[in-house]
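Residue-level structural notes
Given next are the chains, with one letter for each unit.
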Amino acid sequence: MRLLIVEDEKKMASFLKKGLSEAGYSVDHAASGAAAETLASENSYDLVVLDVMLPDQNGLDTAANLRRDGLSCPILLLSALSSTKDKVRGLDAGADDYLTKPFSFDELLARIRALMRRKGEQLGSLLRFSDIEMDLAKRQVRRGEQTISLTAKEFSLLEFFMRHPNKPLSRTSISEHVWDVHFDSDSNVIDVYVNMLRKKLSAGQERKLIHTIVGVGYVLKED
Ligand code: CA
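Let us look at the structure shown here.

Here we come to the nonpolar core. Formed by 47 residues in total, the largest nonpolar core has its most connected members in L20, L108, I112, F161 and I174. Filtering out sequence-adjacent residues up to four positions away, F161 remains in contact with L169, I174, V194, L197, I210, Y218, V219 and L220. Judged by nonpolar contacts, the second largest core, of 21 residues, contains L50, L60, I75 and Y98.

In structure tokens form, the structure reads like this:
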């Protein structure tokens, strides 16, 4: 899943970027409201983490502008302000949730998972398809009785497939949601990762679940 972090404070921004990347998210960063609007118009994000105190704008205005420009993914506001009035204003501006600084990183991760869950039809922190079960909180994957160990990138790739089962996914859409702005569109990195993931998922299994659609991309489906 690809996130946009909007935060001007350098330390906080790098802490968020590092932590969220380690948690398996692809992360882009904007240091101002204007930069966030530009990035959001050029990329498709699954969630935006937005600081309220930005150098050029109030984050509440940024949230309203992003919504006006058609951003539909969840927005999580970060702010030092914790009065009820501020929370209400934030939510009215188009945000979906509000986290007060300082916060624990585990709570941030749990809120991000909860927001992603509201978007889909997922229950708890589990994603299931066929005999695959992904626990997003524990970051564990099982196929049937077998535990499958994945790298962070393989995990986010599988999560993207699991959130869009039976839907053909193009390489472009995979790159937009699983990789960040530094993705090189001329490379075959997606095919390489899909093949590695496929190999791990199909070890000792009869049924293949990730299928190639020639000229399009890939689909997670049962035969
Ligand atoms: Ca700030």
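Okay, the side chain of D51 next. As for its position among the elements, D51 is in strand β3 (residues 47-51). At 3.0 Å, the side chain of D51 forms a polar contact with the side chain of K101. Aside from chain neighbours lying at most four places away, what touches D51 is V6, E7, D8, G59, L78 and K101.

The coordination sphere of the calcium ion, as far as protein atoms go, consists of D8 (OD), D51 (OD) and M53 (O), spread over 2.1 to 2.3 Å. Linear spacing of the donor residues for the calcium ion on their chain is D-x42-D-x1-M. Here D8, found in the loop between β1 (2-6) and α1 (10-22), pairs with M53, found in the loop between β3 and α3 (59-68); they are 45 residues apart in sequence, far enough to count as distant. For D8, a relative accessible area of 32% puts it in the partly exposed group.

At their nearest, the axes of helix α6 (residues 152-163) and helix α7 (residues 171-178) sit 10 Å apart, and the two run at 120° to each other. Judged by the inter-axis angle, α6 sits oblique to α7. You can see that α6 and α7 cross each other, and the crossing is right-handed. Judged by residue contacts, K153, S156, L157, F160 and F161 of α6 engage S173, I174, H177 and V178 from α7.

Pairing in this open sheet of four strands is antiparallel, and the strands run β6-β7-β8-β9 from one edge to the other. The open sheet is flanked by β6 (126-129) and β9 (146-148), the only strands paired with a single partner. If you compare each strand with its neighbour and ignore which way they point, the axes differ by 20° on average. Relative to β9, strand β8 (residues 140-143) is paired through three bridges, and the arrangement is antiparallel. Each bridged residue has a counterpart across the sheet, and for V141 the counterpart in β9 is I148.

How each quantity is defined
Residues numbered from 1 in each chain as written. Predicted model: local features only at pLDDT ≥ 70, side-chain atom pairs only at ≥ 80, totals over all residues. Heavy atoms only, no water. Core = buried A, V, L, I, M, F, W, Y, C linked by side-chain atoms within 4.5 Å. Buried < 20%, exposed > 50% of the residue type's maximum accessible area, 1.4 Å probe, protein only. Contact = heavy atoms within 4.5 Å. Helix = DSSP H or I, 4+ residues; strand = E, 2+ residues; numbered from the N terminus. Polar contact = N/O pair within 3.5 Å; in protein donor to acceptor, adjacent residues only side chain to side chain. Donors = N, O, S within 2.8 Å, 3.2 Å for Na, K, Ca; no water. Axes fitted to C-alpha atoms, helices over the stretch in contact; angles between N-to-C directions. Parallel < 35°, antiparallel > 145°, perpendicular 65-115°, else oblique. Left-handed = near helix turned anticlockwise from the far one by under 90°. Pairing = 2+ DSSP bridges.

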